[in-house]
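Listed below are the residues making up each chain.
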Amino acid sequence: MQSILKRTMFYILFVGLWEGLFRLGIWPEYVLPSPVSVFKTLIHGFQNHTFLIGIAISMKRIAIGYGISIVVGILLGLLIGRVRIFEETLGSFFTGLQTLPTICWLPLALLWFGLNDRSIIFLVFMGAVLSITIATDAGVKSVPSLYIRAAKTMGAKGWKLYLEVIIPAALPHIITGMKQGWSFAWRSLMAGELLIVCLGLGHLMMIGRELNDMSQVIAVMIVIIIIGILVDRLFFVKVEQRIRERWGLVKV
Amino acid sequence: MTESAGTENLIDIDHVKVDNERQKSHKVNGVWPKLRVQHVSKSFQSKNGRVDVLEDINLEIQQGEFVCIVGPSGCGKTTLLNIVAGLEKADSGEVWADDHKINGAGTDRVVIFQEAALFPWLNVVKNVEFGLKLKGFNGKERRNIAIEYLKMVHLSKFQHAQVHELSGGMKQRVAIARALAMNPEMLLMDEPFSSLDAQTRWILHYELQNIWLKTRKTILFVTHNIREAVCLADRIIILSTSPGKIKKEFLVELPRPRDDNDVNVAGYSTRIMKELKAEINKVMKCEMDADSCVECDIKCTTEVPAKTDIGGGI
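Residues numbered from 1 in each chain as written. Chains lettered and ligands numbered in written order. Predicted model: local features only at pLDDT ≥ 70, side-chain atom pairs only at ≥ 80, totals over all residues.

**Student:** What exactly am I supposed to notice about the overall build of chain A here?
**Tutor:** Assigned secondary structure in chain A consists of 10 helices and zero strands. A principal-axis box enclosing the C-alpha atoms of chain A has dimensions of 75 × 55 × 30 Å. Taking all 252 residues of chain A together, 36% fall into the buried category. Partitioning the contacts of chain A with sequence separation of at least 6, the portion at a separation of at least 24 is 73%. (Helix = DSSP H or I, 4+ residues; strand = E, 2+ residues; numbered from the N terminus. Buried ≥ 20, exposed ≤ 12 C-beta atoms within 10 Å, placed from the backbone. Contact = placed C-beta atoms within 7 Å.)

The structure is reproduced here in structure tokens:
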């Protein structure tokens, strides 16, 4: 209760300072809009559905790109983690690739897929896949060999060994990788949408910039932050909590 | 009861003679032995050169027999168990279970490890169901079987508990239930109680004997603790160290369930230990294992403590 009160106080103070700064009139409204006009834009954007459409389009892109990256990332991670030849070749290659900012793929993406959705989805995929691969690899390598031996004596082999033992045992690592991958995917999505004009939240920000309407830019930024927090709270925090309880990593 | 009177039933087998007989025939009364280990050898490379872990091991275990393999740490007894389990490959020699040659792990030989090896992502009952699920039992069948075996180890109340909520002894009991639920031909136990405290171990010795009396499973049990072996086994096989060879065999013919602290059990242990002292000394020169201080163990059972008058006048 105390912390909620403190947090509320902080936000009231933050908005108050912002409003005060605006009223001092140092900067014109197209550079620093007032919180009130940002709030109005936010309401207006939802009322005329432009924000809803933007959210829907962005979410569809990230769902496809991120979804593919989870499947591919886990498969690649399992391969690298379990097969020596892939570890020696792909392992170091992926670690190197991960240092490359995702947006560097944009020129190639445009060339391969054109100025469209598929380029953005590719960027989202590239943003998330390596984090998930590397985390899965680390998770697979940290599975105690005792679990695998025990499972083998109970008749686990082939893909069932992966499905019933290796993936569940590596799950804490995989979830951490998925969480990191999600934030990279979200960043890549915005970068892609800012540069490739085809609807979505990033595009809405660009429209704001072109119309010198900073209140729209900030309103979209707020929407992006809220979606980020919601996904983290509704999915990752809950899943991580469940894993910690189940594995006995924290006292419940 | 004196020590010698208590050890009358301890039968010392001339191993070389038995070995020769075994090479001739494999079938006893027209039935294959449950397990046949034939000329199994295994070595590995270490920094100091080649180490012969096992050398020409020959062993037969009959249906329903409870056999303990005893040896000092590092004598290759776990390696032998792993080879029987199919988790490791022998350099030479063969292992047969019933009428088929062992080639890899199989559900007819379930292993219970030193650490319980329960899966932390599953709760207790789902751990017990694990092997049944792989065998293709449906949800209701496997739940019923799992509960039945959890009852056998007196843990049905904990079926929905998470693994980390259990004590070490409880975990090992769940592991036993999980292995038994598979209805294997043979249980392979690799020092399953060595990381437990003495009291828990005592209880589990009792429970394991009761389970064995009920199920009559063939059990191959590896331990460095001679007292434990005498308490549990029909037959004790002593392994020497580097190279790991079968040194001696003892038959233990005492009524069950036996107690760790029973006079006869203690007497048997003492006799076996005395015979092994030379062998153990050999090991102690090269490596002392703090967990299994054999010297202390021997002193505890061989030396009679000095009597002190505490008063009372009796």
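**Student:** What's the story with the overall build of chain B in this structure? I'm lost.
**Tutor:** Secondary structure summary: chain B contains 10 helices and 11 strands in total. Looking at chain B residue by residue over its 314 residues, the buried ones come to 41%. Of the contacts made within chain B by residues no fewer than 6 positions apart, 72% connect residues no fewer than 24 positions apart.

**Student:** Mind showing me how you'd approach the interface of chain A and chain B here?
**Tutor:** Size of an interface, as often reported, equals the accessible area lost when the parts are brought together. Facing 16 residues of chain A, the contacting portion of chain B comprises 20 residues. When residues of the side of chain A that touches chain B are traced back to their parent elements, those giving at least two are helix H7 (145-153), helix H8 (159-195) and helix H10 (214-247) of chain A. Here the side of chain A that touches chain B takes six residues from H7(A), the largest share from any one element. Class assignment of the residues belonging to the side of chain A that touches chain B gives a composition of nine nonpolar, three polar and four charged. (Nonpolar A, V, L, I, M, F, W, Y, C, P; charged D, E, K, R; others polar.)

**Student:** Can you help me understand helix H5 (residues 139-152) of chain B in this one?
**Tutor:** A turn of α-helix holds 3.6 residues, and therefore any two residues three or four places apart point the same way. Residues and elements named next belong to chain B. Taking 1.5 Å of rise per residue, 14 residues should cover 20 Å, and H5 covers 20 Å from first to last C-alpha, within 8% of that figure. Buried within H5 we find Arg142, Ile145, Ala146, Tyr149 and Leu150. Down the axis of H5, the buried set is contained in an arc of 135°. They therefore lie on one face. Opposite the buried face of H5, at more than 90 degrees from it, the exposed residues are Lys140 and Asn144. Taken together, the buried residues of H5 touch helix H4 (124-135) and helix H6 (168-181). Where H5 terminates, the next one or two residues include His154, which has phi positive at roughly 60°. (Expected span 1.5 Å × (residues − 1). Arc of directions from axis to C-beta.)

**Student:** Even after reading the chapter, I still don't get the sheet that holds strand S5 (residues 92-97) of chain B, so can you show me in this structure?
**Tutor:** Strand pairing in a sheet relies on backbone hydrogen bonds, with the paired strands running either antiparallel or parallel. Residues and elements named next belong to chain B. The strand order across the open sheet formed by four strands is S3-S2-S5-S6, and the pairing between neighbours is antiparallel. Each edge of the open sheet is held by one strand with a lone partner, namely strand S3 (49-61) and strand S6 (100-101). When S5 meets S6, the two strands line up antiparallel, connected through two bridges. In the sheet register, Trp96 faces S6, and the bridge partner there is Lys101. Lying on the sheet, helix H3 (residues 77-85) is in contact with strand S2 (35-46), S3 and S5; it crosses S2 at an angle near 120°. (Pairing = 2+ DSSP bridges. Axes fitted to C-alpha atoms, helices over the stretch in contact; angles between N-to-C directions.)

**Student:** Just to check I follow, could you spell out the environment of Ile26(A) for this structure?
**Tutor:** Residue and element names in this part refer to chain A. Here Ile26 lies in the loop between helix H1 (2-24) and helix H2 (35-47). In this structure Ile26 comes out as exposed when scored by C-beta crowding, with 9 C-beta atoms within 10 Å. In this structure, the C-alpha to C-alpha distance between Ile26 and Tyr11, residues 15 residues apart in sequence, is 23 Å.

**Student:** Please explain the domain arrangement of chain B as it appears in this structure.
**Tutor:** Residue and element names in this part refer to chain B. Annotation of chain B at the domain level lists domain 1 (3-17 + 28-108 + 189-302) and domain 2 (119-183). Taken together, the contact between domain 1 and domain 2 spans 10 residues of the former and nine residues of the latter. Residues that form the side of domain 1 that touches domain 2 fall into these classes: five nonpolar, four polar and one charged. (Domains from an automatic or database assignment.)

**Student:** Sorry if this is basic, but what is going on with the packing of H6(B) against helix H7 (residues 198-215) of chain B here?
**Tutor:** The packing of two helices is summarised by the inter-axis angle and the distance between the axes. Residue and element names in this part refer to chain B. Contact pair H6 / H7: the axes reach a minimum separation of 11 Å and the direction vectors enclose 15°. Compared by their axis directions, H6 and H7 come out roughly parallel. Crossing of H6 over H7 shows right-handed handedness. Taken together, the residues of H7 that come into contact with H6 (itself represented by Gly168, Gly169, Gln172 and Leu180) are Thr200, Leu204 and Thr215. (Parallel < 35°, antiparallel > 145°, perpendicular 65-115°, else oblique. Left-handed = near helix turned anticlockwise from the far one by under 90°.)

**Student:** Looking at this structure, how should I read unusual backbone geometry?
**Tutor:** Glycine aside, negative phi is the norm for most residues, and most peptide bonds take the trans geometry. Residues and elements named next belong to chain B. Following Arg256, the chain continues to Pro257 via a peptide bond in cis, the omega torsion being -5°. Topologically, Pro257 is positioned in the loop between strand S11 (246-251) and helix H9 (263-286). With a phi close to 50°, His39 is a non-glycine residue in the positive phi region. Note on placement: His39 falls in strand S2. Even without being glycine, Glu191 reaches a positive phi, approximately 45°.

**Student:** What should I look at first to understand the pairing of S11(B) in this one?
**Tutor:** Walk down a regular strand and you will see the side chains alternate between the two sheet faces. Residues and elements named next belong to chain B. Inspection of the sheet shows strand S10 (residues 235-239) paired to S11 by five bridges, in the antiparallel sense. Note on S11: the bridge partner recorded for Ile237 is Glu249. Two successive antiparallel strands, S10 and S11, enclose a turn made up of six residues, where Ser242 displays a positive phi of approximately 20°.

**Student:** Would you take a moment to explain the nonpolar core for this structure?
**Tutor:** Generally speaking, nonpolar side chains in soluble globular proteins are found buried as a group. Ranked by size, the top nonpolar core spans 138 residues in total, and within it Val124(A), Val84(B), Ala177(B), Leu188(B), Leu220(B), Ala233(B) and Ile236(B) carry the most contacts. Here this core gets 14 residues from one element, more than from any other, and that element is helix H6 (residues 117-141) of chain A. There are two domains that each give this core at least three residues, and those are domain 1 (3-17 + 28-108 + 189-302) and domain 2 (119-183) of chain B. Not counting chain neighbours up to four residues away, the residues in contact with Val124(A) comprise Arg61(A), Ile62(A), Gly65(A), Tyr66(A), Ala185(A), Ser188(A) and Leu189(A). (Core = buried A, V, L, I, M, F, W, Y, C linked by C-beta atoms within 7 Å.)

**Student:** Explain the packing of H4(B) against H6(B) here, please?
**Tutor:** Residues and elements named next belong to chain B. The geometry of H4 relative to H6 is characterised by a closest axis approach of 8 Å and an angle of 30° between their N-to-C directions. As summarised for this structure, H4 and H6 are arranged roughly parallel, according to the angle between their axes. For H4 against H6, the interelement crossing comes out right-handed. Of the residues in H6, those in contact with Val124, Asn127, Val128, Phe130, Gly131 and Leu132 of H4 are Val174, Ala177, Arg178 and Ala181. Partitioned by chemical class, the residues of the contact of H4 with H6 number seven nonpolar, two polar and one charged.

**Student:** Can you walk me through H1(A) in this structure?
**Tutor:** Residues and elements named next belong to chain A. For H1, which comprises 23 residues, the first-to-last C-alpha distance of 33 Å matches the rise-based estimate of 33 Å (1.5 Å per residue) to within 8%. Among the 23 residues in H1, zero count as buried, and that is only a small part of the element. Gly25 lies just past H1 and shows a positive phi near 75°.

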